[in-house]
Amino acid sequence: MGDTKYKRILLKISGEALAGDAKMGINDEVLKEISASIKAVSDLGVQVAVVVGGGNFWRGRSSEKMDRVTADHMGMLATLMNSLALSDALEQMGAVTRVLSAIEVRQMAEPYIRKRAVRHLEKGRIVIFACGTGNPYFSTDSGAALRATEIGADVLLKATMVDGVYDKDPKKHPDAVKYEKVTYDEVLKNDLKVMDATAAAHCRDNHTKMLVFSMEDPENIVRIVKGENLGTLVVKE
Ligand code: UDP
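Numbers given to residues run from 1 along each chain, matching the order in which its sequence is written. Residues qualify for local features only when their pLDDT is at least 70, as the model is predicted, and side-chain atom pairs are given and counted only at 80 or more; totals for whole chains, interfaces and linings, by contrast, use all residues. By convention in this description, side-chain values take in all heavy atoms of the structure and omit both hydrogens and water.

Another point: the sheet that holds strand 4 (residues 110-111). By this definition, two strands are paired if DSSP reports at least two bridges between them. Numbering of helices and strands runs from the N terminus, with a helix taken as a DSSP run of H or I at least four residues long and a strand as a DSSP run of E at least two residues long. The 9 strands lie next to each other as 4-3-5-2-1-6-8-9-7, forming an open sheet whose pairing is mixed. Single-partner strands in this sheet number two, and they are strand 4 and strand 7 (181-183). Only heavy atoms matter for contacts: two residues are in contact if any of them lie within 4.5 Å across the pair. Under this scheme, a helix contributes an axis fitted over its contacting stretch, all axes are lines through C-alpha atoms, and angles between N-to-C directions fall in the 0 to 180 degree range. On top of the sheet, helix 4 (residues 140-150) reaches strand 1 (8-13), strand 2 (47-52), strand 5 (126-130) and strand 6 (155-160); it is set at about 175° to strand 1, its chief contact.

Another point: helix 4. Counted residue by residue, helix 4 has 8 buried out of 11 residues, so it is predominantly covered. Only protein chains enter the accessibility calculation, which uses a 1.4 Å probe; a residue whose area is less than 20% of its type maximum is buried, one above 50% is exposed, and one in between is partly exposed. When we look at burial in helix 4, the residues that qualify are T140, D141, S142, G143, A144, A145, R147 and A148. Contact partners of the buried residues in helix 4: strand 1, strand 2, helix 2 (68-92), strand 5, strand 6 and helix 6 (197-205). The term polar contact refers here to a pair of N or O atoms within 3.5 Å; inside protein, the definition further demands a hydrogen-donor-capable atom paired with an acceptor-capable atom, and it admits residues adjacent in sequence only when both atoms are side-chain atoms. The backbone nitrogen of D141 has a side-chain oxygen 3.2 Å away, supplied by the residue at the start of helix 4, namely S139. G152 lies just past helix 4 and shows a positive phi near 65°.

Being near a molecule or strand, for a residue, means having at least one of its heavy atoms within 4 Å of it. What surrounds the ligand is a group of 20 residues, the closest being G60, D72, T133, N135 and T140. One of the backbone nitrogen or oxygen atoms of M76 is found 3.4 Å away from an oxygen atom of the ligand. Contacts to the ligand include T133, whose side-chain N or O atom sits 2.7 Å from an oxygen atom. Per-residue accessibility takes into account occlusion by the displayed protein chains alone, with areas from the Shrake-Rupley method and a 1.4 Å probe. Protein coverage of the free-state accessible area of the ligand, which is 530 Å², stands at 94%. When residues in the shell around the ligand are grouped by element, the largest group, 3 residues, is from helix 2.

With that out of the way, let us pick up the side chain of K12. Residue position: K12 is located in strand 1. Here the side chain of K12 touches T140 through a polar contact of 3.3 Å, side chain to side chain. In this view, K12 contacts V51, G53, T140, D141, A144, L156, L157, K158 and A159; residues no more than four positions away in its chain are not counted.

Taken as a class, soluble globular proteins show a tendency for nonpolar side chains to be buried jointly. To qualify as a nonpolar core, a set must consist of buried Ala, Val, Leu, Ile, Met, Phe, Trp, Tyr and Cys residues joined through side-chain atoms within 4.5 Å. If you look at the biggest cluster of nonpolar residues, it comprises 40 residues, and the most contacted ones within it are I9, I13, I38 and L157. Looking at this core, the elements with two or more residues in it are strand 1, helix 1 (28-43), strand 2, helix 2, strand 5, strand 6, strand 8 (210-214) and helix 7 (220-225). It is helix 2 that provides the largest number of residues to this core, a total of 6 residues. Contacts of I38, omitting those with residues within four sequence positions, involve L11, V48, V50, L86, L90, I126 and I221. The next biggest cluster of nonpolar side chains, apart from the first, holds 29 residues, and it includes L10, L156, V165 and V187.

Here it is as C-alpha cells:
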C-alpha cells in the first residue's frame, strides 16, 4: 500500500459508461473493465464510494407523456440496477461492497445512513450509493455531490467522455481550450456543461472539490489517485 494523493474518493460514473457502444443496457466487458479499475484503486488503500447514473436504462426526461415524478422514480430504479450490477462485478473479483440506497429496498440494499457508509469505507468496503438523492427533479450528479460532501470525500471524481473541462465543446470546436483549473462560478456563468447547475452550486457552497476526467481509459482512475495530473480541477475559488 503506497502513498496516494487521495484517501477517500467519490467516483461518479454515468449509466451510459456501462453500456459501451450500444448506449443502452449493460455491456459485460465494459462493466468488468470499470470494476477492475475501481478495485485497483481500493486495493491501493483508498476509500472508494461510487455513484452510478441510470441513463443507460431510463431518465426522468425519457418520456414527455409520463408524469415527471413517476418517470424520475423509474430513473432512480435504473441507478439501483446499475449499482447492483457494479456490486456483483466487483464481488466476483474479490472486492467487498455495500450498496446503500436513498430509497428503501431492504431486500436488495441497505438504507442510506451516513455513519454506516463512513464505517463501511473505513473498513475498506467499496460503497455504492444507489437511487441518487432519493428525490425526483434531481440527477445523480446531485446525488454524487451530496454524498461526496456528506462523507467528506477528498475529491469528487467525475468521469466523462471528454478529458476535462473546455471553454466550448471540443467535439464541435477544434480550437476549444482545456482548463487546468476552473471555478464553479465560471462553470455556472458560462454554462460549461460539466454537471447540472444544482450539483455545481452544491459543490461550490460546500467547498467540495471535483476533478473532471475521461473514463475512455478506465485506468485513468488509478493514475489520478496515484497523483498524475489528468483532467480539470473544479474548485470554489
Ligand atoms: N433521478 C432522480 N433523483 C435523483 C437522481 C436521479 O429523480 O436524485 C432520476 C432522474 O430521472 C434521472 C435518472 O434518475 O434522469 C437517472 O439519473 P441520471 O440522469 O443522473 O443518470 P446518468 O445521466 O448519470 O446516467
